[in-house]
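Given next are the chains, with one letter for each unit.
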Amino acid sequence: MGRSPISGGSKEATLDDVVAAVPDGATVAVGGFGLYNAPMALVRALVRAGRRDLTLVATPGSLAPDLLIGTGRVATVCCVHIDFGPLGSAPSFRRAAESGGLRIVEFDMLGLVAGLRAAAMSLPWFPIPDLGTDLPRVNADWYRPLVTPAAPAPGAARLLAVPPLAPDVVLLHAQQADYGGNCQYLGASFLDVLLAQAGKTVFVSVDRMIDYDALRRAPERTRLPEFLVDGVVHAPYGAHPTGSHGVYEWDESHLGYYLEAARAPGGLEHYVKMFVTTAPTPEAYVDVVGRQALRDLHR
Amino acid sequence: VRGHSVEELLAVVLARHLRDGELGVVDPVSPVGAAACVLAQRRGRWVSWLAEPLGALDSRTDRVLDLADERLIGTATAMLDLGPTLDVGLWRRDFFDFAILDALQVDRFGNLNTVCVGPHATPARRGPGVLGVSAHAAHARRFMIALTRHDRETLVERVDFCAGVGHHRGGRTRETELGLPPGGPDLVVTPLGCFDFHPESRAMRVASLHDDVTLDAVRAATAFDLVVDRDPPPPTEPPSDEELRVLRLSVDAGGRLRRTG
């Protein structure tokens, strides 16, 4: 399932390539988990480009879904868990949900993983047990009754069929890659590999580029081989203010600033102007946040 | 070491409730579950717990960290691959002996809501979402519910959205109507007391009350009728100096459980 490089052998891509691959109305999946490994540089590019009516497939996340929702980029969110963990709830997501202005397709981990697996395996559906929750009631499209050849054994749960969930574009963050698109993780990779297997086009931001020989010295770190990757964007601190496993910790004061801004009426606009609009490149973003502040996040 | 936060009390009570040989999974938002597991280990109990987002087993840090924090990797006994973590952690029955879960709402039969208060389309309060609660409530051999609030908005007659099944509609309906394995919640800890479930009706029952809490106060803060076998109920055994010392020195040295509570 080789993918065609963006230009002759190299899979180096730019933020413009990412934006061009995401038309209005596209289904976009964002990787990482909670406060870690969110592809924030790619997400900020989508916000800047003013993409609209996106369907967001959010793996358990924090700032990435909250910023996309708060800036009005998202019409529908496939939600499994959106929260800032120790810092509290997601303000833009909550406001949008509580005003009824956001279509929420409710998932649990079973349903999300089953849908991604069905897409990754070219199956019409993937089975999950019916666990007696209200998910089939509010999300009948994705939690469908499964008629099995044999009646369920006594004491067995009914089964549900989850159809394939194949995002048009998958946005991920890894710590390093070579120019051919082999991506390495220096910590956990969460659901990223499954997302890449399920998606049609995959872009990965990385904190640093390394050469092929260096990459081959630690092949066990290459969780995303180039055949799963369409483009790699070199974006130092590309996950900031979320953390990048093995490189830098999440930025508590920056996230606190975001949360304060997003909770106040009109506050998010100011945040976006400061950290998204006026910082159109990864380098400009580093300048706005401040090199010393970023260096302090290294362990 | 007099005086303790609500979250410290919850962690101590939950740690006492874990048994030798058990493998557990904990809620990713509330820090109480992971603290309870590590506290039980540090007090000599032979229990294991999984930081599910990472696949990290039995991480030994002296502070309570986010369950996706990379420092849990460097101190773990094992790092499980994602596939097996999902296959057995979500799909398989009885893989986890216990789960420690949090919720926006809990009802009379221990069903959990982490999604929304009010109608799903126009909620009065939106919660974070289901995550693994559905699977852990259904599949763990038993689960415990740790709440940092006890009021009529939290302990409700019936959850507005069922994200995780407890004892369903009471009795054995969890098994007979839904085909789920036996199990369900066996302990609820709140800032006011400890609660279990009546063996026949599976309705929530007062097990013990914390210091200076009256039955009237608990009833006033609960939106359904609690089963009361003993009036007055016994007091919750308060955290001992030793429990608090171990908790503060080698489980939660960063003081995360003291910051909120």
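Because the structure is predicted, anything quoted here is derived from the model rather than measured.

1. Considerations on the pairing of strand S8 (residues 159–162) of chain A
Residue and element names in this part refer to chain A.
Here's step 1: Of the strand pairs in this sheet, strand S6 (residues 126–129) and S8 are connected by 4 bridges, and their pairing is antiparallel. When the sheet's bridge partners are listed, Phe126 is paired in S8 with Val162.
Here's step 2: In this structure, strand S7 (residues 144–145) lies alongside S8, joined through 2 bridges in antiparallel fashion. The residue of S8 that forms the bridge with Pro145 is Leu160.

2. What to know about the nonpolar core
Here's step 1: Judged by nonpolar contacts, the single largest core of 104 residues is most densely connected at Leu67, Val77, Phe93 and Tyr258 of chain A together with Leu14 and Ile100 of chain B.
Here's step 2: For this core, the element with the highest residue contribution is helix H2 (residues 32–42) of chain B, accounting for 8 residues.
Here's step 3: Not counting residues up to four positions away in its chain, the partners in contact with Phe93 of chain A are Asp66, Ile69, Val77, Cys79, Ile82, Leu102 and Ile104 of chain A together with Arg126, Gly127 and Pro128 of chain B.

3. With respect to the sheet that holds strand S7 (residues 112–113) of chain B
Residue and element names in this part refer to chain B.
Here's step 1: Read across the open sheet, the 3 strands follow the order S7-S6-S11; overall the sheet is mixed. This sheet does not close on itself; its edge strands, each paired only once, are S7 and strand S11 (155–156).
Here's step 2: Looking at chain direction, strand S6 (residues 105–107) and S11 are connected through 2 bridges and run parallel. From the neighbouring strand, Val106 faces S11, where its bridge partner is Leu155.

4. Regarding the interface of chain A and chain B
Here's step 1: With 51 residues of chain A at the contact, the number on the chain B side is 44 residues.
Here's step 2: Taken together, both faces of the contact between chain A and chain B bury some 3700 Å²; the carbon and sulfur share is 60%.
Here's step 3: Counting the surface chain A buries against chain B, the share from its top three residues, His81, Leu131 and Arg299 of chain A, is 14%.
Here's step 4: In this structure, Arg117 of chain A engages Asp87 of chain B in a salt bridge whose closest nitrogen and oxygen atoms are separated by 2.7 Å.
Here's step 5: Between chain A and chain B we count 16 residue pairs in polar contact (both at pLDDT 80 or more) in total.
Here's step 6: Secondary structure elements with two or more residues in the side of chain A that touches chain B: helix H4 (91–98), strand S5 (103–106), helix H5 (109–120), S6 and helix H6 (135–138) of chain A.

How each quantity is defined
- Residues numbered from 1 in each chain as written.
- Chains lettered and ligands numbered in written order.
- Predicted model: local features only at pLDDT ≥ 70, side-chain atom pairs only at ≥ 80, totals over all residues.
- Heavy atoms only, no water.
- Pairing = 2+ DSSP bridges.
- Helix = DSSP H or I, 4+ residues; strand = E, 2+ residues; numbered from the N terminus.
- Core = buried A, V, L, I, M, F, W, Y, C linked by side-chain atoms within 4.5 Å.
- Buried < 20%, exposed > 50% of the residue type's maximum accessible area, 1.4 Å probe, protein only.
- Contact = heavy atoms within 4.5 Å.
- Buried area = accessible area lost by both parts, 1.4 Å probe.
- Salt bridge = Lys/Arg side-chain N within 4 Å of Asp/Glu carboxyl O.
- Polar contact = N/O pair within 3.5 Å; in protein donor to acceptor, adjacent residues only side chain to side chain.

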